[in-house]
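Coordinates in review
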Amino acid sequence: MCSSDLHYFLIRQLEQFAQLNAVGISLRETLDLQKVLDQTYQQVSRLIRSDHFYIALQNEDDNWEQSILVHHDRQITVNGSFQADDFSSWVIKNGRALNLDQENMHFAGRHHLMPPEPRPAAWLGVPLKTGDVVTGVMVLQRYKSGQSFSPWSQEVLLAIAGQVGAAVQNAHLD
């Protein structure tokens, strides 16, 4: 990596840290669940480019609801029932991030996980937690081949997920 590339990379990471701080501040300013979800999408889309974004949350009856769905920057569904695909189910069950692309998609086959349809080129999902309990899942997808999610993007999304999990819990307590 040449010095100008390194400089750009470091500047980009500093910008992302500043935006992560803004995420935390904006999520603490409201107890309205829909505002929390909308602000989450706005902040995530500034940090990590994706073609498809959703958050699904577990409700009081232990059922899952798709709370926000954005496909190609167009919000499609809010507050609908959610049928978890195999990848989302894995994140929910294991309480860990899952980052798949064309290089490591064999992981899915080895664990008998079917990719969602339409099949993404890259899929990144992280759990939303309250304490140690998974209460939601946040997912990003890209459809163009060769556009995987970097380990840095995964760490950024995990940091946001921690803030969103707390904000969702606060909104539910209101």
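For the structure itself, consult the block above.
Summary of the structure given here. Being a predicted model, the structure only gives us computed values, none of them experimental.

**So, the packing of aromatic side chains**
Within the structure shown, the criterion is met by 4 aromatic pairs. Ring geometry for Tyr 41 and Phe 53: centres 5.1 Å apart, planes at 55°, overall tilted. One end of the pair, Tyr 41, is in helix α2 (residues 33-47); the other, Phe 53, is in strand β1 (residues 52-58), with 12 residues separating them in the sequence. This pair shows no difference in class: Tyr 41 is buried, exactly as Phe 53 is. A centroid spacing of 5.5 Å and a plane angle of 50° characterise the contact between Tyr 54 and Phe 82, whose relative ring orientation is tilted. With Tyr 54 in strand β1 and Phe 82 in the loop between β4 (80-81) and α3 (86-94), this pair connects stretches of sequence that are 28 residues apart. Considered together, Tyr 54 and Phe 82 belong to a single accessibility category, that of buried residues.

**Remarks on the pairing of strand β2 (residues 64-71)**
For β2, the tally of buried residues reaches 6 of 8 residues, placing the bulk of the element in the interior. The sheet contact formed by β1 and β2 spans 7 bridges and is antiparallel. Across the sheet, residue Tyr 54 finds its bridge partner in β2, namely Leu 69. Connecting β1 to the antiparallel partner β2 that follows it, the hairpin turn spans 5 residues, and Asp 62 within it adopts a positive phi of roughly 65°. Two elements, β2 and β4, share 2 bridges in a ladder whose sense is antiparallel. Residue pairing for β4: Glu 65 is matched across the bridge by Ser 81.

**Things to note about the pattern of salt bridges**
Under the criterion given, the structure shown has 1 salt bridge. The residue Asp 51 makes a salt bridge to Arg 49 at a minimum N-O spacing of 4.0 Å. With relative accessibility at 14%, the residue Asp 51 sits in the buried group.

Calculation rules
Residues numbered from 1 in each chain as written. Predicted model: local features only at pLDDT ≥ 70, side-chain atom pairs only at ≥ 80, totals over all residues. Heavy atoms only, no water. Phe/Tyr/Trp six-rings, centres within 6.5 Å; stacked < 30°, edge-to-face > 60°. Helix = DSSP H or I, 4+ residues; strand = E, 2+ residues; numbered from the N terminus. Buried < 20%, exposed > 50% of the residue type's maximum accessible area, 1.4 Å probe, protein only. Pairing = 2+ DSSP bridges. Salt bridge = Lys/Arg side-chain N within 4 Å of Asp/Glu carboxyl O.

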